[in-house]
Amino acid sequence: MTPTNPALATALQAAATGDPRRYVITGGPSSGKDDLLEAVHAAGVPCMAEEPGREIYRKHRERLGRHLLKEDRRAYSLEVLDAFIAEYTAHEHGIRFYNRGIPDGYGWEGFFGLRPTPQLEDATRRYRYDAVFVLDPLDTFEDPDDIVWAKDREIRRVHELIVQGYYDAGYEPVFVPPDSAAARLDFLCANLRLPKPSRGA
């Protein structure tokens, strides 16, 4: 897809043959992440298509015939981790946004009362992102699975655990305030010194 802003297209093209630059977009349920990622795609910025955890969650739930219990989470978490590592290592040049990142595992495992696996800790050390953007929560759910994952709408608790996971992993997240998806994308680009997509609209 061609970026809406010619200046942004030029910046992305200039970066395309350089070292990989990986930027995470994360946050708890009801953070507006899906809408923002749609805006990233629409602006022509390379981006991870879908959060691996959702599809893997659905697969496990279909196999078990129920929602994932604590004893199911370990196998699920390791499969999600493998998917994130594959996404990370497949990107070799230029800019790319990620729909959550490897350290999100700390938050979700903590929410379900699990200790981080050695695999998660090793991956967190080996695979580092260049910036992490945390979306502050909004007021509405955007996906039916969010209600399951948030466990009776404990949105704030999930959000705080995800944020703490990134701090524990040695990151200094950038917090993105509630706003429209277009405004949030401009905020991200401004932080990364990229031309704002809205200026080409």
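The structure this text deals with has already been given above.
Residues numbered from 1 in each chain as written. Predicted model: local features only at pLDDT ≥ 70, side-chain atom pairs only at ≥ 80, totals over all residues. Heavy atoms only, no water.

Caption draft 1: A look at the packing of aromatic side chains. Tallied over the full model, the rule gives eight aromatic pairs. Their ring planes at 85 degrees and their centres at 6.5 Å tell us that tryptophan 108 and phenylalanine 111 sit as a pair that is edge-to-face. In this pair, tryptophan 108 and phenylalanine 111 are both assigned in helix α5 (residues 104–111), three residues apart and thus about one turn of the helix distant. You'll find tryptophan 108 and phenylalanine 111 in the same group, each marked buried. One aromatic cluster is present, built from ring pairs that chain together Tyr88, Tyr98, Tyr127, Tyr129, Tyr166 and Tyr171. Just above the ring of tyrosine 88 sits the side chain of arginine 22; from NZ or CZ to the centre is 3.7 Å. Between the NZ or CZ atom of arginine 96 and the centre of the ring of tyrosine 98, over which it lies, the distance is 5.8 Å. (Phe/Tyr/Trp six-rings, centres within 6.5 Å; stacked < 30°, edge-to-face > 60°. Helix = DSSP H or I, 4+ residues; strand = E, 2+ residues; numbered from the N terminus. Buried < 20%, exposed > 50% of the residue type's maximum accessible area, 1.4 Å probe, protein only. Lys NZ or Arg CZ within 6 Å of the ring centre and 35° of its normal.)

Caption draft 2: Representation of the environment of arginine 22. Of note, arginine 22 is situated in strand β1 (residues 21–26). For the pair arginine 22 and tyrosine 98, spaced 76 residues apart in the sequence, the C-alpha separation amounts to 7.1 Å. Apart from residues no more than four positions distant in its own chain, arginine 22 is found in contact with Tyr88, His91, Arg96, Tyr98, Tyr129, Asp130 and Ala131. Engagement of the side chain of arginine 22 in a polar contact is seen with the backbone oxygen of tyrosine 88, the distance being 3.1 Å. (Contact = heavy atoms within 4.5 Å. Polar contact = N/O pair within 3.5 Å; in protein donor to acceptor, adjacent residues only side chain to side chain.)

Caption draft 3: Inspection of the packing of α5 against helix α8 (residues 155–168) at higher detail. Remark: α5 packs on α8, axes separated minimally by 7 Å, with the N-to-C direction vectors making an angle of 135 degrees. The angle between the axes of α5 and α8 places the two elements in the oblique class. The handedness of the crossing between α5 and α8 comes out as right-handed. Between α5, through Asp104, Tyr106, Gly107, Trp108, Gly110 and Phe111, and α8, the contact on the second element is made entirely by Arg157, Val158, Leu161, Ile162, Gly165 and Tyr166. Here the contact of α5 with α8 is built from residues that sort into seven nonpolar, three polar and two charged. (Axes fitted to C-alpha atoms, helices over the stretch in contact; angles between N-to-C directions. Parallel < 35°, antiparallel > 145°, perpendicular 65-115°, else oblique. Left-handed = near helix turned anticlockwise from the far one by under 90°. Nonpolar A, V, L, I, M, F, W, Y, C, P; charged D, E, K, R; others polar.)

Caption draft 4: Just the side chain of histidine 159, in detail. Along the polypeptide, histidine 159 turns up in helix α8. Polar contacts involving the side chain of histidine 159 include one to the main-chain amide nitrogen of glycine 28, which spans 3.4 Å.

Caption draft 5: Representation of the pairing of strand β3 (residues 131–135) within the structure. Of all five residues that make up β3, five are buried, and the element is covered over most of its length. What you see with β3 is no split at all: Ala131, Phe133 and Leu135 on one side and Val132 and Val134 on the other are buried throughout. Across four bridges, β1 lies against β3 in parallel orientation. Paired with threonine 26 across the strands is valine 134, a residue of β3. (Pairing = 2+ DSSP bridges.)

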